[in-house]
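# Reading the structure
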Amino acid sequence: MPTTAPEDQYTAEPFVPDGADLPALRRAAAGCRGCPLHRPATQTVFGAGNPHARVMLVGEQPGDQEDRQGRPFVGPAGKLLDRALAEAGLDPADAYVTNAVKHFKFTRAEPRKRRIHKAPSLRETHACGPWLAAELAAVEPELIVVLGATAGKALLGSSFRVSQVRGTVLEEEIHGRPERLVPTVHPSAVLRADDREQAYQGLVADLEVAAHALG
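Parameters and conventions
- Residues numbered from 1 in each chain as written.
- Predicted model: local features only at pLDDT ≥ 70, side-chain atom pairs only at ≥ 80, totals over all residues.
- Heavy atoms only, no water.
- UniProt positions renumbered as here; feature names shortened; annotations may be inferred.
- Helix = DSSP H or I, 4+ residues; strand = E, 2+ residues; numbered from the N terminus.
- Core = buried A, V, L, I, M, F, W, Y, C linked by side-chain atoms within 4.5 Å.
- Buried < 20%, exposed > 50% of the residue type's maximum accessible area, 1.4 Å probe, protein only.
- Contact = heavy atoms within 4.5 Å.
- Phe/Tyr/Trp six-rings, centres within 6.5 Å; stacked < 30°, edge-to-face > 60°.
- Lys NZ or Arg CZ within 6 Å of the ring centre and 35° of its normal.
- Lys, Arg positive; Asp, Glu negative; His and termini not counted.
- Salt bridge = Lys/Arg side-chain N within 4 Å of Asp/Glu carboxyl O.
- Polar contact = N/O pair within 3.5 Å; in protein donor to acceptor, adjacent residues only side chain to side chain.
- Axes fitted to C-alpha atoms, helices over the stretch in contact; angles between N-to-C directions.
- Parallel < 35°, antiparallel > 145°, perpendicular 65-115°, else oblique.
- Left-handed = near helix turned anticlockwise from the far one by under 90°.
- Nonpolar A, V, L, I, M, F, W, Y, C, P; charged D, E, K, R; others polar.
- Patch = residues over 30% accessible without salt bridge, like charges linked within 9 Å, V, L, I, M, F, W, Y side chains within 5 Å.
- Areas by Shrake-Rupley, 256 points an atom, 1.4 Å probe, with all protein chains shown as cover.
- Charge placed at Lys NZ, Arg CZ, Asp CG, Glu CD.
- Pairing = 2+ DSSP bridges.

### Considerations on the UniProt feature "domain: Uracil-DNA glycosylase-like" (unreviewed entry) in the protein chain
Under the local residue numbering, the UniProt record ascribes the feature "domain: Uracil-DNA glycosylase-like" (unreviewed entry) to residues 46–208. As annotated, residues 46–208 comprises 41% helix and 21% strand, and the C-alpha atoms at either end are separated by 26 Å.

### Some words on the nonpolar core
By size, the foremost hydrophobic cluster in this structure holds 29 residues, and its most contacted members are L25, W131 and L155. Listing elements by their share of this core, those giving two or more residues are α1 (22–29), β2 (55–59), α4 (122–139), β6 (143–147), α5 (149–156) and β7 (170–174). Ranked by residues supplied to this core, first place goes to α4 with 6 residues. Discounting residues that sit within four places of it in the chain, L25 has contacts with V16, P17, A20, F46, W131, A134, E135 and A138.

### Details of the side chain of E135
Along the chain, E135 turns up in helix α4. For E135, the residues in contact, after removing those within four places along its chain, are L22, L25, F46, G47, M56, Y96, T98, K102 and E140.

### Quick word on the packing of aromatic side chains
A complete count under the given rule lists 2 aromatic pairs for this structure. Centroid distance F46 to W131: 6.0 Å. Interplanar angle 85°. Geometry classified as edge-to-face. Here F46, found in the loop between α1 and β1 (48–49), pairs with W131, found in helix α4; they are 85 residues apart in sequence, far enough to count as distant. In this structure, R123 is placed above the aromatic ring of Y10, and the distance from its NZ or CZ to the ring centre is 3.7 Å.

### A word on the side chain of E60
In this structure, E60 sits in the loop between β2 and α2 (64–69). Although E60 is buried, it makes no salt bridge; R192 carries the closest opposite charge, 7.2 Å away. In this structure the side chain of E60 is engaged in a polar contact, spanning 3.5 Å, whose partner is the side chain of Q61. Polar side-chain contacts of E60 include one of 2.4 Å to the side chain of H117. Setting aside its immediate chain neighbours within four residues, E60 contacts N99, A100, V101, H117, A119, P120, L147, T150 and H186.

### Quick notes on the packing of α1 against α4
Two numbers describe how α1 lies on α4: the axes approach to 10 Å, and their chain directions differ by 165°. Considering their axes alone, α1 and α4 lie roughly antiparallel with respect to each other. Helix-helix and strand crossings are classified by hand; for α1 and α4 the assignment is left-handed. Counting all contacts with α1, which are made through L22, L25, A28 and A29, the residues of α4 involved are W131, A134, E135, A138 and V139. Classifying every residue of the contact of α1 with α4 gives 8 nonpolar, no polar and 1 charged.

### So, a negative patch on the surface
Residues E87, D194, D195, E197 and E208 make up a contiguous surface patch of negative charge. If you trace the backbone, E197 turns up in helix α8 (residues 196–214).

### Things to note about the sheet that holds β6
Pairing is mixed across the open sheet formed by 6 strands, whose spatial order is β1-β3-β2-β6-β8-β7. The sheet is open, and its two borders are formed by β1 and β7, each paired with just one other strand. Bridge count between β1 and strand β3 (residues 96–99): 2 bridges; the pairing is antiparallel. Within β3, the position partnered with A48 by the bridge is V97. Packed onto the sheet, α4 meets β2, β3, β6, β7 and β8 (177–184) and runs at close to 170° relative to β3.

### Comments concerning unusual backbone geometry
The backbone phi angle of F73 is positive, close to 55°, even though this residue is not glycine. Note that F73 resides in the loop between α2 and α3 (76–87). The backbone of E140 shows a phi angle near 50°, a positive value even though the residue is not glycine. Relative to the elements of secondary structure, E140 occurs in the loop between α4 and β6. On the basis of relative accessibility, which here comes to 52%, the residue E140 falls in the exposed class.

Structure (structure tokens):
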């Protein structure tokens, strides 16, 4: 009988050390094979930032630059997010940023052409859930800012719609912990918007709700 490869199980659970701190989690995540996304990706992109942050920002997945550099939110969307956070009164240096999925999922139109972002499936998002749960347990943020639909579905279930709840403070139990969450759009959606300035101001307004909720 052939044994099943770990990635075919679609869960990171076997790779997540119990009760580990963030440095130990980051080291363990580097070897994660909890789903097939690890194969084409350059490396795992784990969360980064203040380990005692009051606010945790959760996005979708790493992009091309993040996959190459091994850090979240270092590309154009990350730079826009930092600007929006500062404008809303939240210091980016005080935050912890991560993604619902830790490997870059992409497609190529042709070999050797640029890698085009492809949205992760619910199954892939679910597979990565144990890493997000471990990060929440380690950081214990006072507030989670949910960036976009994929992150929202990872944390709040498949019925989540960012347009219905953006800019509001939600109180939910997430991975066994009572959490406060403020959903908003992903900064990459601002970059794609027809009216980028209006979309950017909407993001800032949502982040101001988060800043007010932190007090």
